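Notes for the structure review
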Amino acid sequence: MKKGPESGACPFAAVGNVAESNPDDNSRNGASAKDKDVLFCPGELENIQLKPRKETSRKKLCGYLNKLGIKGPIKTWKSRWFFYDENKCHLLYYRTAQDINPLGSIELSSASFDCKMENGEGIFEIRTPSRVFTLKAISKQAMMYWLQQLQMRRWEFCNTKSRFPVGSSQLVNEPLAGRTNVVDNEDFLPLVKTPTEAVGLKAASLPAPQTSTALQNISLKHPWTEIQNTVYNICGSRQLWGNNENVFSFDEFQEHPASLDEEQEAEVEAGCAVKEGTLEDGRMEPRLNWIRKARWRNSGFPGSHEELSRERNPMDKVSVLQQQILTLTEEVKSQKELVKLLHKALEAAQQEKRVSSMYLTAAEDKDRLELVRHKVRQIADLTSRLEALEQEKKELEQILTLRDSHIQELQEHVQLLMEKNHAKQEVIMALTEQMARELSDPLQEDNTVTAETLYKQQEEIEHLKDDIDAYKTQNQFLNSEIHQVTRLWTSVAENEKALLMKCACLQARNCQMESKYLTVLRKLQEAVPGLPSSHAELVKNLIQESLQWDVKEEAEEGFNLNPVSEYDEYGFMTVPDYEIEDWKLLAKIQALEIKSNKLRSQEIVEKPLRDRWNSLGELNPSAELKSLIRSGIPVEHRQRVWRWIVNRHCSRLPDHYQRLLQQSRSTEHPACRQIELDLPRTLTNNKHFSSPTSQLIPKLRRVLLAFSWHNPAIGYCQGLNRLAAVALLVLEDEESAFWCLVHIVENLMPADYYSDTLITSQVDQRVFKDFLSEKLPRLMAHFEQYQIDVSLITFNWFLVAFVDSLVSDILLRVWDAFLYEGTKVIFRYALAIFKYNEEEILRIHDSVEIYQYLRFFTRMIVDGRKLMNIAFNDLNPFPMKLLRNRRSMHREELEAELCELEQIKAAYVKERAEQGPQDPKEVASEEEEEI
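Okay, so let's go over this structure. (Residues numbered from 1 in each chain as written. Predicted model: local features only at pLDDT ≥ 70, side-chain atom pairs only at ≥ 80, totals over all residues. Heavy atoms only, no water.)

Observations concerning the pairing of strand E6 (residues 123-127)
- Here E6 lies mainly inside the structure; four of its five residues are buried.
- Relative to E6, strand E5 (residues 112-114) runs antiparallel, the two being bridged by three bridges. What sits directly across from Phe 113, in E6, is Ile 126.
- Judged from the five bridges that link them, E6 and strand E7 (residues 132-136) form a sheet pairing that is antiparallel. Pairing of Glu 125 across the sheet is with Thr 134, part of E7.
- If you look at the hairpin formed by E6 and E7, you'll find four residues sitting between the two strands. (Buried < 20%, exposed > 50% of the residue type's maximum accessible area, 1.4 Å probe, protein only. Helix = DSSP H or I, 4+ residues; strand = E, 2+ residues; numbered from the N terminus. Pairing = 2+ DSSP bridges.)

Let's talk about the pattern of salt bridges
- All chains considered together, the criterion is met by 23 salt bridges.
- The residue Asp 789 makes a salt bridge to Lys 769 at a minimum N-O spacing of 2.9 Å. Here Asp 789 is found in the loop between helix H23 (777-785) and helix H24 (791-800), whereas its partner Lys 769 is found in helix H22 (residues 759-775), with 20 residues between them in sequence.
- For Asp 789, a relative accessible area of 28% corresponds to the partly exposed category.
- Overall, the relative accessible area of 27% leaves Lys 769 in the partly exposed class.
- Among the salt bridges present, the one from Glu 838 reaches Arg 778, with a minimum N-O distance of 3.9 Å. Of this pair, Glu 838 sits in helix H27 (residues 838-842) while Arg 778 sits in helix H23, and the two are 60 residues apart along the sequence.
- The class for Glu 838 is buried, based on a relative accessible area of 6%.
- Judged by relative accessible area, Arg 778 falls into the partly exposed class, the value being 49%. (Salt bridge = Lys/Arg side-chain N within 4 Å of Asp/Glu carboxyl O.)

Quick look at the packing of helix H20 (residues 720-731) against helix H21 (residues 734-748)
- At their nearest, the axes of H20 and H21 sit 8 Å apart, and the two run at 135 degrees to each other. Here H20 lies oblique to H21, going by the angle between them. Helix-helix and strand crossings are classified by hand; for H20 and H21 the assignment is right-handed. From H20, Leu 720, Leu 723, Ala 724, Ala 727, Leu 728 and Leu 731 reach across to H21, where they touch Glu 734, Ser 736, Ala 737, Cys 740, Leu 741, Ile 744 and Val 745.
- Looking at the contact of H20 with H21 residue by residue, the classes come out as 11 nonpolar, one polar and one charged. (Axes fitted to C-alpha atoms, helices over the stretch in contact; angles between N-to-C directions. Parallel < 35°, antiparallel > 145°, perpendicular 65-115°, else oblique. Left-handed = near helix turned anticlockwise from the far one by under 90°. Contact = heavy atoms within 4.5 Å. Nonpolar A, V, L, I, M, F, W, Y, C, P; charged D, E, K, R; others polar.)

Encoded structure:
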């Protein structure tokens with residue numbers, strides 16, 4: 001026979017190594033070494049011998065409880081035998097203790113327990129993530145015992161499960177050391193004495209609680225399990241009735257009268273093993289038949305041999321036997337009902353089988369066609385009968401509705417009469433009491449009233465005391481439950497934290513290994529011209545494979561060896577799609593190294609910094625805030641801080657932005673065409689701007705048009721599109737991005753920075769060269785030696801604040817400090833970038849190679865923290881006053897040079913005008929002579 005769900009778990013099997021706590025014993029851990037599992041394979045059944053246990057056996061957590069079942073709108077209590085499976089931490093429940101297959105199970109490892117005194121005595125709840133189970137014990141003591149034992153079993157199972165296997169990383173095991181053997185000394189709830197009459201294996205020998213009807217306790221949700229258990233019980237009963245034995249004959253029990261009580265628990269446990277053996281081979285040895293008889297007689301009849309022997313009166317024996325007959329009669333009734341249902345199903349199946357056989361045995365197609373027609377006629381007949389019955393049903397429903405309305409009217413009339421009668425009786429009682437008070441002695445009346453009042457008050461006090469005791473018990477249990485669940489949660493959280501730290505370290509190590517691999521490939525690529533053709537082809541294939549690694553494919557395999565995602569939090573590509581293969585390799589190496597550094601510094605640097613930001617309340621200018629902003633603003637706080645900085649320096653005018661948008665719609669700005677040309681070229685490595693249909697493209701267009709109307713002196717300058725795009729990515733709101741652009745152009749940058757002449761931008765390049773000579777003299781001398789003009793590289797850095805030059809992770813940290821402190825930050829970071837790569841640049845001794853290296857050397861920066869320390873620590877002091885003085889000096893020099901150029905230009909134009917127009921033939925003859 002097929003096993004039902006959880007068939008491997010027997011209600012009486014000892015499946016754990018945790019002894020049930022018993023306050024009657026002197027020690028909780030007194031379980032002997034003989035207390036082992038009693039599950040036997042079929043081949044071992046004949047070797048089972050029942051011996052009296054001299055030592056205390058480990059008790060199992062099992063017993064009868066009422067389970068609240070729901071049938072549509074109806075809620076009923078059903079008696080179920082519950083058994084705790086220690087291997088899985090499941091609470092299995094059966095219809096009776098003799099069933100072989102469970103009806104279901106409750107997972108306790110992730111469950112919580114609750115008891116509310118308002119629900120009634122003995123009622124408690126087990127709350128799992130998917131369902132709430134409502135159970136009812138026979139008494140309050142039994143309920144508290146179940147709750148306390150379930151708490152203990154859950155705690156022991158979770159502690160055992162949370163331990164790591166031998167050989168796991170020390171990084172994970174160290175936080176768990178000293179926690180696995182923790183003993184809960186906080187006794188919120190004293191140990192409850194074991195109610196042996198309702199809990200334990202001895203309760204299996206008691207009769208199951210009876211219900212009002214025979215079929216009420218049957219589970220309709222599990223018909224197949226019910227059939228399996230019924231057939232199993234029937235097979236067991238037949239073996240008991242075999243060989244003309246009388247069910248009330250106790251001769252066999254007389255052979256072992258002294259050892260029966262001692263062996264009762266062992267017999268019940270062995271009976272569970274007999275269940276499994278019966279399912280496997282269907283045979284039982286004679287000695288096992290005796291075991292089944294003992295278990296069946298002890299569990300099925302209230303009047304056992306011991307009970308009859310204690311009853312001396314023959315009439316008592318007769319009443320006990322009559323009770324047994326009634327019990328068996330109820331059981332037979334339920335079995336008959338089940339047999340009738342099976343008969344009906346069998347008849348329908350046989351009828352269908354006969355029709356199918358006739359159809360298959362028909363010799364010709366005509367006969368088969370006739371059978372089909374006959375079936376069609378039957379279907380039509382049944383359809384017509386069904387329609388007639390439905391019509392009759394509708395008529396009966398109408399009649400029933402009329403009768404219900406009539407009954408309702410009669411009930412209302414009866415209710416009115418009863419109310420009148422009740423009112424008359426109250427009047428009569430009031431008059432009678434009034435007459436009695438007038439006829440009685442006034443002193444006696446006062447004494448009677450006082451005595452009644454005192455009695456009621458005493459009753460109320462007793463009830464209140466009972467309620468207080470009940471709520472105290474409930475409070476103690478809930479405190480213990482909260483304490484234990486909190487400890488379990490803390491343990492799980494610490495384990496998860498340890499695993500996350502280990503995972504981060506492994507991911508960082510993996511990133512470093514992959515980065516080194518790509519670096520080796522790049523070195524091999526540089527040496528390809530000197531390699532044989534086969535080796536060169538191999539190197540080329542390896543580079544192509546490394547550039548085509550896809551994170552998504554690795555994630556589908558169940559693990560992620562390459563933790564670098566395709567896009568970051570703001571939509572920037574972590575590995576931009578460059579046309580030059582060498583740049584692609586450098587970009588991927590940089591992405592891997594940055595990810596590795598972030599993972600390694602996550603617990604040491606990033607987490608404390610994030611905690612400091614979380615504890616920061618209202619934003620106010622201070623040295624602490626300046627230090628935090630220089631260290632980098634976390635993603636979740638960046639938008640709030642940027643808004644605060646912009647609002648602090650820009651006084652927003654109400655509806656100013658909307659008026660500018662309206663003006664841009666009504667009148668076309670001269671810079672509109674240039675803006676449309678620059679939109680597709682803005683942040684091409686960001687997914688929010690890479691497509692013309694992206695949602696941020698229209699927002700960027702509106703921001704740039706509004707700014708061109710807001711500042712007519714500048715209008716639009718190439719570079720403003722990238723500044724506004726970064727502001728849109730962080731602030732998201734286009735009006736906030738507009739004011740951020742205003743803050744950068746009008747407050748942070750000097751005047752004329754984005755004018756037609758870009759005069760201030762040229763001044764900053766000269767100032768930067770001065771600082772480069774002072775801070776990095778060796779590097780500047782190297783540039784002068786090979787005639788390198790660094791302004792060709794750095795001019796764009798200053799114009800757009802490093803956008804498209806640094807990776808997004810480092811770029812946004814630069815912008816955090818730039819928005820708060822101003823253009824001094826750009827000078828600091830520009831110098832820090834050269835300082836970061838100074839040694840590499842000094843190794844190059846060719847001007848062409850130096851220019852090529854400077855084109856992509858920002859891609860060699862992998863440690864943002866190191867770059868920040870160089871910018872704000874190694875380059876100190878860097879006073880703003882010195883920067884202003886240098887700007888003034890170089891501006892005067894530049895303006896003088898521009899004036900001189902203008903004079904030269906004017907003199908040249910004047911000279912050409914005085915010479916007058918020349919003959920084109922003479923000009924051509926002069927050129928021929930030069931040739």
